[in-house]
Amino acid sequence: MREWLKKFSNYQSWPKGEHTRLAKYIRFHGPFDSEFNEIIYRKLIRLKKLRNQSDYKLKVPKKYSANYNKWDFTSINSAFQIAEEIIKPFMELELN
């Protein structure tokens, strides 16, 4: 998706904060209507949260602790489904 944006828009990549920047760019300048851009933005933020959790939060908090409710127990299959829902509309744009 980043490569698509670089090719078909004025999006510029930056190494620091890339995931958040990309999501915000789509939110405000994406190729779809504002409602669908917002949906894609929220899915990207969701995937970023899942990735950060898997990369940096190595211990599951104790049940009923303050941090437990912040933990996301979504399965990896759900993450793949979200990613597919994000990428598919961009692939369809290329076909048109």
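Attention in this report is confined to the structure presented alongside it.

The rules behind these values
- Residues numbered from 1 in each chain as written.
- Predicted model: local features only at pLDDT ≥ 70, side-chain atom pairs only at ≥ 80, totals over all residues.
- Heavy atoms only, no water.
- Helix = DSSP H or I, 4+ residues; strand = E, 2+ residues; numbered from the N terminus.
- Buried < 20%, exposed > 50% of the residue type's maximum accessible area, 1.4 Å probe, protein only.
- Contact = heavy atoms within 4.5 Å.
- Areas by Shrake-Rupley, 256 points an atom, 1.4 Å probe, with all protein chains shown as cover.
- Lys, Arg positive; Asp, Glu negative; His and termini not counted.
- Charge placed at Lys NZ, Arg CZ, Asp CG, Glu CD.
- Phe/Tyr/Trp six-rings, centres within 6.5 Å; stacked < 30°, edge-to-face > 60°.

Here we come to the overall build of the protein. A tally of helices and strands in the protein yields four helices and zero strands. Counting over 96 residues, the protein shows a buried share of 27%. In the protein, once contacts between residues fewer than 6 apart in sequence are set aside, the share between residues at least 24 apart is 43%. Total accessible area on the protein is roughly 7,500 Å²; 55% of this is exposed by carbon and sulfur atoms. Taken as two groups, the 19 positive and 11 negative side-chain charges of the protein have centres that lie 12 Å from each other.

With that settled, the discussion passes to the packing of aromatic side chains. Taken as a whole, this structure holds five aromatic pairs when the rule is applied. Ring geometry for Tyr-11 and Tyr-25: centres 5.0 Å apart, planes at 65°, overall edge-to-face. Taken together, the residues span a long stretch of sequence, with Tyr-11 in the loop between helix H1 (2–8) and helix H2 (18–29) and Tyr-25 in helix H2 at a distance of 14 residues. Considered together, Tyr-11 and Tyr-25 belong to a single accessibility category, that of buried residues. Ring centres 5.2 Å apart and planes at 80° place the aromatic pair Phe-32 and Phe-90 in the edge-to-face group. Of this pair, Phe-32 sits in the loop between H2 and helix H3 (34–56) while Phe-90 sits in helix H4 (residues 76–95), placing them 58 residues apart in sequence. Take Phe-32 and Phe-90: they sit in the same class, and that class is buried. Each member of the aromatic cluster is reached from another via a ring pair, and the members are Trp-4, Phe-8, Phe-32, Phe-36 and Phe-90.

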